[in-house]
Amino acid sequence: NLHTATDAQLLKLVETVLAGQQEDESDVDPRGIVDAIIDWRDADSKPTGEAGDTEDAYYRLLDKPYRVKNGPLSTVEELLLVKGVTGQVLFGEDFDRNGLLTPNEDDDDKSFPPDNQDGVLNRGLYPYLTVSSYEANTSNDNRPRVYLFSDEAPLGKELEDVFPDQPDV
């Protein structure tokens, strides 16, 4: 979830996805993209990272200026407004977003989109991201979930409530 993913989670995802992309995308800076995503979604105007150009000042100097959101993303596609996130980064070779390797996505640069003709579809960041998710508070068998890293005394009581027929749990 783009609203709750940590810096480390985003960095690992961006690095992994970019590693499988075309060579001309290898000059894309994963750290810069993550800093820009963090600054796009956070409420402050303080730049993240060393570059210091991932807040409003950067977006105001563009040919068609706009403001940094400083709030939650409405869609995954909104990432295209974030510094460093291009269509190639977000969608990889799968510009039609059907999840299938079509002939134009595996023909080198003979037709759009750009690809590396390796027979493998790089889907970019898009299929791994969401802006709306939740975690169910019940397990598959409809029992309440128990947070196992709480203090021992309350944990024991919660486990007794959830597993009344299994005292050894």
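That block above? That's the structure.
A brief report on the enclosed structure follows. The shown structure was predicted, so the numbers you read here are calculated from the model rather than taken from an experiment.

Focus: the nonpolar core
- Counting residues in each nonpolar core, the largest one holds 28 residues, and the members touching the most others are Leu 2, Ile 33, Leu 79, Val 82 and Leu 125.
- Secondary-structure elements contributing two or more residues to this core are α1 (7-19), α2 (30-41) and α4 (87-91).
- Once residues within four sequence positions are removed from consideration, Leu 79 is found in contact with Leu 2, Ile 37, Leu 73, Val 85, Leu 90 and Leu 129.

Remarks on helix α5 (residues 152-162)
- Taken together, the buried positions of α5 are Leu 155, Leu 159 and Val 162. On an axial view of α5, the arc spanned by its buried residues comes to 65 degrees, and they lie on one face. Exposed residues on α5 whose side chains face more than 90 degrees from its buried face are Ala 153 and Glu 160.

A short note on the pattern of salt bridges
- A full pass over the atoms with the stated rule returns eight salt bridges.
- Of the charged contacts in the structure, one is a salt bridge between Asp 56 and Arg 60, with a shortest N-O distance of 3.3 Å. With Asp 56 and Arg 60 both in helix α3 (residues 56-60) and four residues apart, this pair spans about one turn of that helix.
- Among the salt bridges present, the one from Lys 69 reaches Glu 78, with a minimum N-O distance of 3.3 Å.
- When its relative accessible area of 34% is taken as the criterion, Lys 69 is described as partly exposed.
- Three or more residues joined by partner-sharing salt bridges are found here, namely Asp 7, Arg 31 and Asp 35.

Criteria and thresholds
- Residues numbered from 1 in each chain as written.
- Predicted model: local features only at pLDDT ≥ 70, side-chain atom pairs only at ≥ 80, totals over all residues.
- Heavy atoms only, no water.
- Core = buried A, V, L, I, M, F, W, Y, C linked by side-chain atoms within 4.5 Å.
- Buried < 20%, exposed > 50% of the residue type's maximum accessible area, 1.4 Å probe, protein only.
- Helix = DSSP H or I, 4+ residues; strand = E, 2+ residues; numbered from the N terminus.
- Contact = heavy atoms within 4.5 Å.
- Arc of directions from axis to C-beta.
- Salt bridge = Lys/Arg side-chain N within 4 Å of Asp/Glu carboxyl O.

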